[in-house]
Amino acid sequence: MRDTIAAIATAPGEGGIAIIRLSGPEAERVLERVFRPARPDAWPLPPRLMTYGTCVDGDEPIDECLAVRFPAPHSYTAEDVAEIQVHGGQAVAQRALLSCLRAGARLAGPGEFTRRAFENGRIDLSRAEAIMALIAARGEQSRKAALRQLKGSAASFIGRVSAELYSCQAALAACIDYPEEISEEEAASDLGPRLERLRSALSESADPRAARLLSGGLRAAIAGRPNVGKSSLLNALIGENRAIVTAIPGTTRDLVTGELSLNGCEVRLTDTAGLRDTADPVEQEGISRARAELKDADCVIAVLDASMPLTDEDKALLEGLPDCPVFVALNKADLPAGLDEGLLTLRPGWELARVCAHQPDSLAPLRAFLERQTRFSDRLSLTQPRHVEAALRASNALKDALEALRQGALDLVSVDLQTAQSALAEITGEDVSEEVIDRVFAEFCVGK
Ligand SMILES: Nc1nc2c(ncn2[C@@H]2O[C@H](COP(=O)(O)OP(=O)(O)O)[C@@H](O)[C@H]2O)c(=O)[nH]1
Ligand SMILES: [Mg+2]
């Protein structure tokens, strides 16, 4: 028998209401101890309807409140659930929770309500994660992807792939067990194309870049030698005076980040220390942070000063950039031109435009570049890093299976298909270690 858990389900701070949620076999008994309905004959409270009354701790009234119960199995956790709505103040909500704990409930851990919903079989693991993704979504793209997942897009996709994989496994088993009836060639000619289709379905539906964008937003690093206008560009793009701007080279030492939303996607811009040789230890540390940020970035805005001739530092910057989309911003285009564009060596795919940090309209090509980096297919079935990783593992196992099939090693094919099947079962949580489940729910908030 499980115990009964309680937590404040609303965000901390002041708000209109705060909700204390209870789940478990004692939920109703705890509610009876902490809730006095305005009409004493209201017991038992009607399921899923609000009842007005007073929240109490022993005999002491805490607040006016509304209470509602959701008898099992028609509740969030599929257990008996009760909720109390008090006024949304820190002291009120804390005291109402304390009263529930005194009445026999235990404080819930992070994500414990959702974990119960998963363990009681009401939702699969991918839907449980979708709830957290929906709560964490800061842009429209992330919200939509999380909602699709909550509606079962990942689960139904994995269900379809997995069913076809089972059918391939059955065909293979028949061939291994009855070699006189089905020849290896026959099996290979039928299984090959089917496994190939599964493999491409998996790799097409799992885009690691999209998954990263959805969970962490686009990371764009602004790089360049000192004084070319990196901090000015950051400020202009986010429309705020976030980074310090001066005419003194070496002003920016630490990483300064600013967020903006483009195309429903969060963009995290990082202004970095100007890259140059310096003896100043603080600046050196800033420069090594800048280099680390450049390596991790999804795309880079490389800034040059269009009013000055190209320097060796500029050339070293362009040569040393990582292999990712790059926008070369020729800043200070409002000043007389001093840079010979003919001397620039750009890699294929790099974009270039003359901009001026002080003229917002000139930044349109830069914004368009960033916006393009946030795009990806909106039909992806898998959008969480954990799912994408498992799907790619399954896809690799299918690649091995195809290779084994070409060599006629049917036993090996069978092992590879099993590996693929297990990787897929991790996504929905059908076959997943306790450790993975712990890790998934540890990221949840308390009260969800
Ligand atoms: N004329 C002009 N000056 C600029 C422009 N962008 C930045 N500056 C100036 O260049 C100097 C250095 O700017 P800052 O943003 O601190 O450069 P950072 O060292 O690369 O971060 C400051 O005096 C800015 O006002 C621009 O587009 N045009
Ligand atoms: Mg700066």
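Starting afresh in each chain, residues are numbered from 1 along the sequence in its written order. Throughout, the order in which chains and ligands are written sets their labels, letters from A for the former and numbers from 1 for the latter. Where local features are concerned, this predicted model is filtered to residues with pLDDT of at least 70; where side-chain atom pairs are given and counted, the filter is 80 or more; whole-chain, interface and lining totals use all residues. The side-chain numbers reported here are obtained from all heavy atoms of the structure, hydrogens and water having been left aside.

### Points about the coordination of the magnesium ion (ligand 2)
Going by this rule: Counted as donors are the N, O and S atoms within 2.8 Å of the metal, or 3.2 Å for Na, K and Ca, while water is not among the atoms, so some sites may look incomplete. Comment: elements are numbered from the N terminus, with helices defined as DSSP H or I runs of at least four residues and strands as E runs of at least two. Relative accessibility under 20% of the residue-type maximum defines a buried residue, over 50% an exposed one, and the middle range a partly exposed one, all with a 1.4 Å probe and only protein chains included.
Here the magnesium ion (ligand 2) is held by the protein donor atoms Ser-231 (OG) and Thr-252 (OG1), which lie 2.0 to 2.1 Å from it. With a gap of 21 residues between them, Ser-231 in helix 9 (residues 230-238) and Thr-252 in the loop between helix 9 and strand 9 (256-262) connect regions that are remote in the sequence. Among the residues examined, Ser-231 registers a relative accessible area of 9% and is labelled buried. The exposure class of Thr-252 is buried, given its relative accessible area of 13%.

### Digging into the site of ligand 1
Defined as follows: When at least one non-hydrogen atom of a residue lies within 4 Å of a molecule or strand, that residue is treated as near it. Polar contact is the term for a pair of N or O atoms within 3.5 Å; when the atoms are in protein, one must be able to donate a hydrogen and the other to accept it, and sequence-neighboring residues count only if both atoms are side-chain atoms. To be clear on the numbers: accessible area is Shrake-Rupley with a 1.4 Å probe, and residue cover counts the displayed protein chains and nothing else. Basically, the charged four are Asp, Glu, Lys and Arg, the nonpolar ten are Ala, Val, Leu, Ile, Met, Phe, Trp, Tyr, Cys and Pro, and anything else, Gly included, counts as polar.
Near ligand 1, the surroundings consist of 17 residues, among which Asn-227, Lys-230, Ser-231, Ser-232 and Asp-334 are the closest. Interatomic distance of 3.3 Å between a backbone N/O atom of Val-228 and an oxygen atom of ligand 1. Here Ser-231 contributes a side-chain N or O atom positioned 2.9 Å from an oxygen atom of ligand 1. Surface burial for ligand 1 is 87%, taken as the share of its 580 Å² of free accessible area covered by protein chains. Element by element, the count of residues in the shell around ligand 1 is highest for helix 9, at three residues. Among the residues forming the shell around ligand 1, the class breakdown is seven nonpolar, seven polar and three charged.

### Details of the packing of helix 4 (residues 125-136) against helix 14 (residues 410-428)
Worth spelling out the cut-off: Between the N-to-C directions of two axes lies an angle of 0 to 180 degrees, each axis being a line fitted to C-alpha atoms and, for a helix, fitted only over the stretch in contact. If an angle is under 35 degrees, it is roughly parallel; if it is over 145, roughly antiparallel; if it lies from 65 to 115, roughly perpendicular; otherwise it is oblique. Here, residues are in contact when the closest pair of their heavy atoms is within 4.5 Å.
Taken N-terminus to C-terminus, the directions of helix 4 and helix 14 make an angle of 45°; their axes are 5 Å apart at the nearest point. On the basis of their axis angle, the class for helix 4 and helix 14 is oblique. Contacts between helix 4 and helix 14 involve Leu-125, Ser-126 and Glu-129 from the former and Glu-426, Ile-427 and Thr-428 from the latter. Grouping the constituent residues of the contact of helix 4 with helix 14 by class yields two nonpolar, two polar and two charged.

### Some remarks on the sheet that holds strand 2 (residues 15-23)
How we decide: In short, DSSP must find at least two bridges between two strands for them to pair.
Spatially, 3-4-5-6-2-1-7 is the arrangement adopted by the seven strands of the open sheet, whose pairing is mixed. Looking along the sheet, the strands with just one partner apiece sit at the ends: strand 3 (35-37) and strand 7 (106-107). Alignment of strand 5 (residues 60-70) against strand 6 (residues 81-88), held across five bridges, turns out to be antiparallel. From the neighbouring strand, Phe-70 faces strand 6, where its bridge partner is Val-81. Taken strand by strand, helix 2 (residues 90-102) contacts strand 1 (5-8), strand 2, strand 4 (51-57), strand 5, strand 6 and strand 7, and its axis lies near 175° from that of strand 1. Across the sheet, helix 3 (residues 112-119) is in contact with strand 1, strand 2 and strand 7; its angle to strand 1 comes to roughly 135°.

### A short note on the nonpolar core
Most often, soluble globular proteins keep nonpolar side chains buried together rather than apart. Going by this rule: In these notes, a set of buried Ala, Val, Leu, Ile, Met, Phe, Trp, Tyr and Cys residues joined through side-chain atoms within 4.5 Å is what counts as a nonpolar core.
If you look at the biggest cluster of nonpolar residues, it comprises 33 residues, and the most contacted ones within it are Leu-165, Leu-195, Leu-202, Leu-382, Leu-398, Leu-417 and Leu-424. Of all the elements in the fold, those that place two or more residues in this core are helix 6 (153-177), helix 7 (184-205), helix 13 (385-406) and helix 14. Considering every element that reaches this core, the biggest residue donor is helix 13, with ten residues. Those residues in contact with Leu-417, other than ones at most four positions away along the chain, are Leu-165, Cys-168, Gln-169, Leu-172, Leu-195, Leu-398 and Ala-401. Residues Leu-213, Ile-301, Ala-353 and Phe-376 belong to the second largest nonpolar core, which totals 32 residues.

### As for the packing of helix 8 (residues 208-216) against helix 13
Our working rule: Helix crossings get a hand from a simple test, with the near helix turned counterclockwise from the far one by less than a right angle marking a left-handed crossing and a clockwise turn marking a right-handed one.
Two numbers describe how helix 8 lies on helix 13: the axes approach to 9 Å, and their chain directions differ by 165°. Put simply, helix 8 runs roughly antiparallel to helix 13. Taken as a pair, helix 8 and helix 13 cross one another with a handedness that is left-handed. Contact residues: helix 8 offers Pro-208, Ala-211 and Ser-215, while helix 13 offers Pro-385, Val-388 and Leu-392. Here the residues of the contact of helix 8 with helix 13 sort into five nonpolar, one polar and no charged.

### Remarks on the domain arrangement of the chain
Note the threshold: For the domain bounds, the source is a domain assignment made automatically or taken from a database.
Each domain of the chain was delimited in the assignment, giving domain 1 (5-108), domain 2 (127-208 + 382-442) and domain 3 (218-373). Put simply, the middle of domain 1 and the middle of domain 3, counted by C-alpha atoms, are 53 Å apart.

### So, the pairing of strand 8 (residues 218-223)
Of all six residues in strand 8, five are buried, a share of seventy percent or more. Of the strand pairs in this sheet, strand 8 and strand 10 (residues 265-271) are connected by five bridges, and their pairing is parallel. Across the sheet, residue Ile-222 finds its bridge partner in strand 10, namely Asp-271. Note that strand 8 and strand 11 (residues 299-305) share four bridges and pair parallel. Bridge pairing links Ala-223 to Ala-302 in strand 11.

### Considerations on the sheet that holds strand 10
Taking strand neighbours across the sheet as the criterion, the six strands line up as 9-10-8-11-12-13 in an open arrangement whose pairing is mixed. Only two strands of the sheet have a single partner each, and these edge strands are strand 9 and strand 13 (351-354). The average angle at which neighbouring strand axes cross in this sheet is 20°, direction not considered. In the sheet, strand 11 pairs with strand 12 (residues 326-331) via six bridges, with the strands oriented parallel. Paired with Val-303 across the strands is Ala-329, a residue of strand 12. Against the sheet, helix 11 (residues 312-320) makes contact with strand 8, strand 11 and strand 12, and its axis sits at roughly 165° relative to strand 11, the strand it touches most.

### With respect to the side chain of His-387
Looking at the secondary structure, you find His-387 in helix 13. In this structure His-387 touches Ser-126, Glu-129, Gln-149, Ala-154, Leu-382 and Ile-427, once residues within four positions along its chain are discounted.

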